[in-house]
Amino acid sequence: MKYPLNTYKKMKNIGLIILVFVTLYACNSDDYLVDGGISDENVNATTFDFIKSHKQLDTLAILIEKAGMTTEVNGENTLFAPNNTSIKLYVNKVLEVMRNEDPQAQFTVNDIPVDTLKKYMGGFIFPGKIKRENMTKEGEVLTALNGEERKISLEPTDEYSDQLETFPEYVYFTYKVGDDWEAWNDGNSDDKKYLIRTSNISTTNGVVHVLQGSYVLFNYDPK
């Protein structure tokens, strides 16, 4: 069927608008991205310069700089990076607690105390280059620069078992709850396990893995 020229142009414009909205939705939806590493993992920048230039990580760069930890981030280390959404969730939760006592309370990312940043930011930085190919499904307990322990694992999922011949593998960043670490396949585990959204970003000095946006900065939970 042939359409008049004006009608064709209108249809083309509508199509372009729809495409833009779909693309924006896909880029902003955490559920859209399935971690599997990236096609080109090499970034021609230091870790700090990379996160500072990335629109989803630039707030983290501000906090790292405020904590005076740029040198550590740019060492031969691995950074598990909370994105801007994670930081915003933290700010909102802190503000919610504050407003239980003072409805007029104000709190922004600029109000996060330097002492808090110095104490906890090191919990995202680990010595050496930790990459997917060195991880196991059972996980390895590693000590961060601030002395805290995290379990890092690469775990298979049967989420797409009816579509794929081999199971996809997700990287997880886990906090211990209680005295002992739980087994990776313990369905009753209380440990707090967080998905890595994008893994194996290789900078000129280290490695970056980006946490899913549902993670709250510092694993903060006022309950």
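Preceding this paragraph is the structure being described.
Residues numbered from 1 in each chain as written. Predicted model: local features only at pLDDT ≥ 70, side-chain atom pairs only at ≥ 80, totals over all residues. Heavy atoms only, no water.

K.L.:
Describe the sheet that holds strand S6 (residues 192-202), with residues and values.
P.N.:
Spatially, S2-S1-S7-S6-S5-S4-S3 is the arrangement adopted by the 7 strands of the open sheet, whose pairing is mixed. The strands lining the two open edges of the sheet, one partner per strand, are strand S2 (125-127) and strand S3 (140-143). Pairwise comparison of adjacent strand axes, ignoring direction, gives a mean angle of 30° for this sheet. As paired elements, strand S5 (residues 169-175) and S6 share 4 bridges and run antiparallel to each other. Opposite Tyr-172, over in S6, you have Leu-195 as the bridge partner. (Pairing = 2+ DSSP bridges. Helix = DSSP H or I, 4+ residues; strand = E, 2+ residues; numbered from the N terminus. Axes fitted to C-alpha atoms, helices over the stretch in contact; angles between N-to-C directions.)

K.L.:
Please give an account of unusual backbone geometry that cites residues and values.
P.N.:
A positive phi angle, near 65°, is found at Phe-218, a position not held by glycine. Position of Phe-218 relative to the elements: it lies in the segment after strand S7 (207-211). With a relative accessible area of 13%, Phe-218 lands in the buried category. For Asn-219, which is not glycine, the phi dihedral falls at a positive 55°. Structurally, Asn-219 is set in the segment after S7. (Buried < 20%, exposed > 50% of the residue type's maximum accessible area, 1.4 Å probe, protein only.)

K.L.:
Tell me about helix H5 (residues 84-101), residues and numbers included.
P.N.:
The terminal C-alpha atoms of H5 lie 27 Å apart, and with 18 residues this matches the ideal 26 Å at 1.5 Å per residue to within 8%. Buried within H5 are the following residues: Ser-86, Ile-87, Tyr-90, Val-91, Val-94 and Leu-95. Along its buried surface, H5 packs onto helix H3 (58-66) and helix H6 (114-120). Two to three positions downstream of the cap, the backbone nitrogen of Thr-85 sits 3.1 Å from a side-chain oxygen, assigning the N-cap of H5 to Asn-83. (Expected span 1.5 Å × (residues − 1). Contact = heavy atoms within 4.5 Å. Polar contact = N/O pair within 3.5 Å; in protein donor to acceptor, adjacent residues only side chain to side chain.)

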